[in-house]
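# A look at the structure
Spelled out from the first residue to the last, the chains are:
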Amino acid sequence: MLSERRLQVLRAIVQDYVGTEEPVGSKALTERHNLGVSPATVRNDMAALEDEGFIAQPHTSAGRIPTDKGYRLFVDKLAGVKPMTAPERRAIQNFLEGSVDLDDVVARTVRLLAQLTRQVAVVQYPSLTRSTVRHVELLSLAPARVMLVLITDTGRVEQRMVDCPAPFGESALADLRARLNSRVAGRRFADVPKLVEDLPDAFEPEDRGTVSTVLSTLLETLVEENEERLMIGGTANLTRFGHDFPFTIRPVLEALEEHVVLLKLLGEAKDPGVTVRIGHENAHEGLNSTSVVSVGYGSGGEAVAKLGVVGPTRMDYPGTMGAVRAVARYVGQILAES
């Protein structure tokens, strides 16, 4: 374990390097921070931190910079989450409250995160598998054609056309709508197949084929893989950090184009807390020079998807964690009220 003083020296090095972009020397540390010891003592502490792999000397510079291991200790032990100010929170709320539908919520969230953190923002659409049914609407478009509209608790709306095997009257359609909603409204998607399996038996024999067709369309909608949708924004922010990427920015940009990679990076939605992955903790080689800060969001206290930011390891971790957490909280509120 590092002594308290060496932890303070490491904290000062991380803060200075993130703030100035310059390798940090012992003289600058003693001038900028009230460490209460001489530059010679700080030099010894820095040598010990370097021996243990928390800081490194880039090229022939006299200063030191944090390693992935140093940033990890900083995030785990030394960095609190910096809360947003009241005006910042109001601005987030006002911006998100103007959203007209789920696509707009996601688009505004991406823009907001990218602006607040000046990193690349990634927002996963709410997952269907973790959603519940708010309402199923059935609309007659022609005697044998029905539009099925599925509305989820997160405000997601899925529409499907159903071509029925026989004409289906308005009264039968109203009966199906009422019976269907009484069984599935407020229930998890995973539970729906069991809840509706005997529903055709409640109808006249000549209507059962149509009821089965409508139900199979509903079940197909529930299991479709479009839950793996993402929106990404602020990629141009990376160009401001060109010198933070050791060789070229291209591997990072290529990794960001692979949505499967990004979904893995964001992690499982069931883990609702703020997650920070630093440098080589990211399995994808193209992202070894980046850090990913992510958090779950959702309505009613349960995470249904993830959002987060990707930036260089030289990142303002307390500020980024605070922004990501605050935005997730407001998105959850918007979804709960929608």
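Note that the structure is predicted; figures quoted are calculated from it, not measured.

Parameters and conventions
- Residues numbered from 1 in each chain as written.
- Predicted model: local features only at pLDDT ≥ 70, side-chain atom pairs only at ≥ 80, totals over all residues.
- Heavy atoms only, no water.
- Pairing = 2+ DSSP bridges.
- Helix = DSSP H or I, 4+ residues; strand = E, 2+ residues; numbered from the N terminus.
- Axes fitted to C-alpha atoms, helices over the stretch in contact; angles between N-to-C directions.
- Core = buried A, V, L, I, M, F, W, Y, C linked by side-chain atoms within 4.5 Å.
- Buried < 20%, exposed > 50% of the residue type's maximum accessible area, 1.4 Å probe, protein only.
- Contact = heavy atoms within 4.5 Å.
- Parallel < 35°, antiparallel > 145°, perpendicular 65-115°, else oblique.
- Left-handed = near helix turned anticlockwise from the far one by under 90°.
- Expected span 1.5 Å × (residues − 1).
- Polar contact = N/O pair within 3.5 Å; in protein donor to acceptor, adjacent residues only side chain to side chain.
- Phe/Tyr/Trp six-rings, centres within 6.5 Å; stacked < 30°, edge-to-face > 60°.
- Lys NZ or Arg CZ within 6 Å of the ring centre and 35° of its normal.
- 1 Å grid on protein atoms, 1.4 Å probe; cavity = no way out; pocket = protein on both sides within 12 Å on 5 of 7 lines; lining within 4 Å.
- Points joined across faces, edges and corners; volume = space filled by probe spheres on them.
- Nonpolar A, V, L, I, M, F, W, Y, C, P; charged D, E, K, R; others polar.

## What to know about the sheet that holds strand S4 (residues 133-142)
On the basis of which strands lie adjacent, the open sheet formed by three strands has the order S4-S5-S6 and antiparallel pairing. Here the strands that pair on one side only, and so sit at the sheet edges, are S4 and strand S6 (157-163). Strand-to-strand twist across the sheet, computed as the mean angle between neighbouring axes with direction ignored, equals 20°. With eight bridges connecting them, S4 and strand S5 (residues 145-152) associate as antiparallel partners.

## Looking at the nonpolar core
The biggest cluster of nonpolar side chains holds 57 residues, and the ones touching the most others in it are Leu29, Leu307 and Tyr317. Counting residues per element, this core draws most heavily on helix H12 (residues 317-337), which supplies 11 residues. Leaving out residues up to four positions away in the same chain, tyrosine 317 has contacts with Tyr71, Phe74, Val75, Val276, Ile278 and Ser291. Core analysis: the second largest hydrophobic core is formed by 24 residues, Val162, Leu173, Leu180 and Val192 among them.

## Things to note about the packing of helix H7 (residues 170-184) against helix H9 (residues 205-223)
Across the interface, H7 lies against H9 with an axial gap of 12 Å and an inter-helix angle of 45°. Relative to H9, the element H7 lies oblique. Crossing of H7 over H9 shows right-handed handedness. Here Ala172, Leu176 and Leu180 of H7 come into contact with H9, specifically with Asp207, Val211, Val214, Leu215 and Leu218.

## Considering helix H6 (residues 102-117)
Taking 1.5 Å of rise per residue, 16 residues should cover 22 Å, and H6 covers 22 Å from first to last C-alpha, within 8% of that figure. For H6, the set of buried residues is Leu102, Asp104, Val105, Val106, Arg108, Thr109, Val110, Leu112, Leu113, Ala114 and Thr117. Summarising the contacts, the buried residues of H6 are in contact with helix H5 (86-97), strand S3 (120-124), strand S7 (230-233), strand S10 (305-312) and H12. Of the residues that open H6, the one with a side-chain oxygen 3.3 Å from the backbone nitrogen of aspartate 103 is aspartate 101. Arginine 118 occupies a position one or two residues after H6 and carries a positive phi of about 55°.

## Details of the packing of aromatic side chains
Considering all chains together, one arrives at one aromatic pair under this definition. Note that lysine 69 overlies the ring of phenylalanine 54, its terminal NZ or CZ placed 4.6 Å from the centroid. Over the aromatic face of phenylalanine 203 sits the side chain of arginine 179, whose NZ or CZ is 5.5 Å from the ring centroid.

## A few points about the packing of H5 against H6
Viewed as axis vectors pointing N to C, H5 and H6 meet at an angle of 150°, and their least axial separation amounts to 9 Å. Viewed along their axes, H5 and H6 adopt a mutual orientation that is roughly antiparallel. As for how H5 packs across H6, the hand of that crossing is right-handed. Mapping the contact onto sequence places Ile92, Phe95 and Leu96 in H5 and Val105, Arg108, Thr109, Arg111, Leu112 and Leu116 in H6.

## Points about the layout of surface pockets
In this structure, the second largest pocket spans a volume of roughly 410 Å³. Contributing to the lining of the second largest pocket are 20 residues, with Leu116, Thr117, Gln119, Asp316 and Thr320 lying nearest its centre. When residues of the lining of the second largest pocket are traced back to their parent elements, those giving at least two are helix H1 (4-20), H6 and H12. Here the element with the most residues in the lining of the second largest pocket is H12; it accounts for three residues. In the lining of the second largest pocket, the residues fall into eight nonpolar, five polar and seven charged.

Function-wise, these values are silent; they only describe arrangement.
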